[in-house]
Amino acid sequence: MKVILNVDVKHLGEEGDVKNVATGYARNYLLPRALAVPFTPETEALFEAKKAEIEARKEIKRQNARSLKEKLEGTSFEIVMPAGSNGKLYGAVTTQVIADTLTKQGFDIEKKRIELAGIAIKTVGNYKATVKLYEAQTAEITISVKAQEGAEVKAEAKKAEKKEEKKAEAPAEAEQNA
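This one's a predicted model, so the numbers in the text were calculated from it and none came from an experiment.

## Concerning the sheet that holds strand S1 (residues 2-5)
Phase 1: One open sheet holds the three strands; their spatial order is S2-S1-S3, and the pairing between them is antiparallel. Both outer strands of the open sheet, strand S2 (18-20) and strand S3 (36-38), are each paired with one neighbouring strand and no more. Within this sheet the neighbouring strands show an average axis-to-axis angle of 35 degrees, counted without direction.
Phase 2: Bridge analysis of S1 against S3 gives three bridges, and the strand direction is antiparallel. The residue of S3 that forms the bridge with valine 3 is proline 38.
Phase 3: Running over the sheet, helix H2 (residues 41-73) touches S1 and S3 and is turned about 25 degrees from S1.

## Things to note about the environment of glutamine 148
Phase 1: Position of glutamine 148 relative to the elements: it lies in the loop between strand S9 (138-147) and helix H4 (151-177).
Phase 2: Separated by 69 residues in the primary sequence, glutamine 148 and isoleucine 79 have C-alpha atoms spaced 9.2 Å apart.
Phase 3: Look past the residues within four positions of glutamine 148 in its chain and what remains in contact with it is Val80, Met81 and Pro82.

## Description of helix H3 (residues 95-104)
Residues spaced three or four apart along an α-helix face the same direction, because each turn holds 3.6 residues.
Phase 1: Along H3, the residues classified as buried are Thr95, Ile98, Ala99, Thr101 and Leu102. For H3, the buried positions fall inside an angular range of 160 degrees around the axis, keeping them on one side.

## What about unusual backbone geometry?
Phase 1: The phi angle at histidine 11 is positive, at roughly 65 degrees, despite the residue not being glycine.
Phase 2: When you line up the elements, histidine 11 lands in the loop between S1 and S2.
Phase 3: Residue classification places histidine 11 among the exposed residues on the basis of a relative accessible area of 80%.
Phase 4: Backbone geometry places alanine 34, a non-glycine residue, at a positive phi of 60 degrees.
Phase 5: Along the polypeptide, alanine 34 turns up in the loop between helix H1 (23-30) and S3.
Phase 6: Given the relative accessible area of 47%, alanine 34 is considered partly exposed.

## A short note on the sheet that holds strand S8 (residues 125-132)
Phase 1: A sheet is described by the order of its strands in space; here four strands give the open sequence S4-S9-S8-S6, paired in mixed fashion. At either end of the open sheet lies a strand with only one pairing partner, and these are strand S4 (76-81) and strand S6 (114-116). On average, adjacent strands in this sheet sit at an angle of 35 degrees to one another, irrespective of strand direction.
Phase 2: Bridge count between S6 and S8: three bridges; the pairing is antiparallel. What sits directly across from leucine 116, in S8, is alanine 129.
Phase 3: This element, H2, spans S4, S8 and S9 of the sheet and lies at about 25 degrees to S9.

Rules behind the numbers
Residues numbered from 1 in each chain as written. Predicted model: local features only at pLDDT ≥ 70, side-chain atom pairs only at ≥ 80, totals over all residues. Heavy atoms only, no water. Pairing = 2+ DSSP bridges. Helix = DSSP H or I, 4+ residues; strand = E, 2+ residues; numbered from the N terminus. Axes fitted to C-alpha atoms, helices over the stretch in contact; angles between N-to-C directions. Contact = heavy atoms within 4.5 Å. Buried < 20%, exposed > 50% of the residue type's maximum accessible area, 1.4 Å probe, protein only. Arc of directions from axis to C-beta.

Next comes the structure, spelled out in structure tokens:
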């Protein structure tokens, strides 16, 4: 079924695009939510009249993406995580952690738009991540992962605490079994 999109639909197209989609997808999802209208000569003429307005909105989005790219690439992001003496992190820096860091610095970027070379960062060091912007534009950001001060001491203390708890529980279990 041929439809014209009213708004940008993720993984399908942008406002004003003519798309050929499955009938069920159009009937059950796109049309009831007013995301698209059926392709007819009347709707085609309507969208032709709006074409300049749609292109103006797209150009604004492109300009916003360019300025965001410049800001992102001009900024270095630092993430402090607990790590061992060998530089291995106790957790991992994922796209969610990066998205949270970007949000704290004033950038509103979804974690889905951030790509890492691997699944996650698991050691201290400098890394690059790619942020998908509008259309085919991307920005490459620099992430510096550093070890948290005193994290190793805290981890050692927690391990010692757990060992002591296990030692205390062992005699109590022996008494119950007896």
